[in-house]
Amino acid sequence: MPPKSCALCNVSRPILKRPKTGQQICKDCFFYVFETEVHNTISEAQLFRPGDRVAIGASGGKDSTVLAYVMKTLNERYNYGLDLYLLSIDEGITGYRDDSLETVKRNQQQYSMPLKILSYEELYGWTMDAIVSEIGKKNNCTFCGVFRRQALDRGAATLAVDHIVTGHNADDIAETVLMNIMRGDIARLGRCTLICTQGEDTIKRSKPFKYAYEKEIVMYAYFKKLDYFSTECIYSPDAYRGHARVFLKDLEAARPSAIIDIIHSGEAFEVREEVKKTQKAQQTCKRCGYMSSNDLCKACTLLEGLERGIADAGISDKGKKKLEASGPAPDSLRKIPYFELPGGPGPAVAIESVQQAPPQD
Amino acid sequence: MTSSSSSTEQLKINVDFGGGLEILFDNKRSHVVSLPLRVAPSSSDTNPTDPISSSTTESATADETRPTDVSALIDHLKDNVLSDRKRAGLFAENGTVRPGVLVLINDSDWELEGEGSYVLKDGDNVSFISTLHGG
């Protein structure tokens, strides 16, 4: 039976048991503590400065929809002085992304924020539908993930923003910690738990929902009746992440603090220098100017493989050898437009970030 | 709860699916289901911690039945309403919802209401929302 009143205001009927604290709280107190905790996360990490132009990576899904709503609310409530934009990537997945983009377009109206949509087709000349028809459903998530990351930076550059925020939540980060451990990618643990990352040649990226539980994000969207899109991608899901996710949800069911505890574990790892050195130093892609740990960035390698009909060139060593054996890239090869930051690398930032930036994730 | 127990009486429960779960239920977000006032104490996959579940099988007698609760609703939805049988595991497993599916009873987190043991009343609203889809 529910207790008579909310643990915070002692007045209203509770509607939610907080996974973080076990507290039973009412709807108004829930909205207030959820928003205030995100505000505290933002201000403790000093993520923004007045006048910053900030793009919200918006997929139309629950996390980014709630993020857009909360960023707008906090910007007004606490006078952050931010110019907010919605930035969406159209991967070109019929029956999935086209529908979710309709949600983002409604969000644009509902939150009165300018929206920029950048498509894989425009940037790479390939939709995901075309990529899947070329390579099948195996490895297509690799293409999509690499292309999306770069597309977000490029979309942000055309908006001339200082900062990209994404809807990654505590559950997502805990999953990534688990995956990195299971893959032996210990060198990435520190970076994957950072609230804000910035390499020399990329736009600052941060995760205001780093400490927000997925359960609370979904409950927030439910009680605020926010308009979001929730359909699984029609192409094969990321199976490995799926296992980490199921495992994490089982842990959470037994002990809800597991999620925050795993994030703290990731943060607390001290990685020996020899291990850190397994991360390659960053350079600039010789073909497209995007940050890369090799001469060619991953997106250029994947695109060259697609264009030359050796799609596994960017996936396996065997594919790479096949590409090398077939000679140098022809001059007529389709290339990704050269990447330039709007105002050059930003000024030094007052956060736990500036360090050599390893690649994705 | 009130226990007027004419065996022909039925509970009408309003069920909503969200967060992508509706795809498993004929792509319909709202359903109205009718359930008897009492149900057999166990189904094949009742919570194994339930002490009486292991011994009983079908044909429960009147005093072996239990008032219809949310666990019974979940069993009913899984056995009779779910349309995508191949992916039933995305909704329920081991006699309860799959971890990551949120449940609200009359707009309140079911963790405040006794979860599966909440005894349903006629006209109750129960929502199931998946958190498992991308954001």
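Residues numbered from 1 in each chain as written. Chains lettered and ligands numbered in written order. Predicted model: local features only at pLDDT ≥ 70, side-chain atom pairs only at ≥ 80, totals over all residues. Heavy atoms only, no water.

*Asks:* Would you mind going over the packing of helix α1 (residues 27-44) of chain A against helix α2 (residues 62-77) of chain A with me for this structure?
*Replies:* For any two helices packed against each other, one specifies the crossing angle of their axes together with the interaxial distance. Residue and element names in this part refer to chain A. Two numbers describe how α1 lies on α2: the axes approach to 10 Å, and their chain directions differ by 75 degrees. Here α1 is positioned roughly perpendicular relative to α2, judged by the angle of their axes. In contact with F34, E35, V38, H39 and I42 of α1, α2 contributes V66, V70, M71, T73, L74 and R77. A breakdown of the residues in the contact of α1 with α2 according to their chemical character gives seven nonpolar, two polar and two charged. (Axes fitted to C-alpha atoms, helices over the stretch in contact; angles between N-to-C directions. Helix = DSSP H or I, 4+ residues; strand = E, 2+ residues; numbered from the N terminus. Parallel < 35°, antiparallel > 145°, perpendicular 65-115°, else oblique. Contact = heavy atoms within 4.5 Å. Nonpolar A, V, L, I, M, F, W, Y, C, P; charged D, E, K, R; others polar.)

*Asks:* Looking at this structure, how should I read the UniProt feature "binding site: ATP" (unreviewed entry) in chain A?
*Replies:* Residue and element names in this part refer to chain A. Here the UniProt feature "binding site: ATP" (unreviewed entry) sits at G57, A58, S59, D63, I89, G167 and D172. Mapped onto the elements of the fold, D63 is located in helix α2. Classification of D63 by relative accessible area gives buried; the value is 3%. By relative accessible area, I89 is classed as buried at 5%. The contact partners of I89, leaving out residues within four places of it in the chain, are R97, L118, Y120, R148, A151 and L152. (UniProt positions renumbered as here; feature names shortened; annotations may be inferred. Buried < 20%, exposed > 50% of the residue type's maximum accessible area, 1.4 Å probe, protein only.)

*Asks:* Is there a simple way to think about the pattern of salt bridges in this case?
*Replies:* If charged atoms from side chains of opposite charge come close, those side chains can pair. The final tally for this structure, using the stated rule, is 31 salt bridges over all chains. A salt bridge links K72 of chain A to E76 of chain A; its shortest N-O distance comes to 3.0 Å. Of this pair, K72 of chain A and E76 of chain A both sit in helix α2, four residues apart, which is roughly one turn of that helix. For E76 of chain A, a relative accessible area of 52% translates into the label exposed. E22 of chain B is the salt-bridge partner of R29 of chain B, the closest N and O atoms lying 3.6 Å from each other. The partly exposed category is assigned to R29 of chain B, whose relative accessible area is 46%. Linked through salt bridges whose partners overlap, the residues forming this network are K62, D63, D171, E175, E214, R245, K249 and E252 of chain A. (Salt bridge = Lys/Arg side-chain N within 4 Å of Asp/Glu carboxyl O.)

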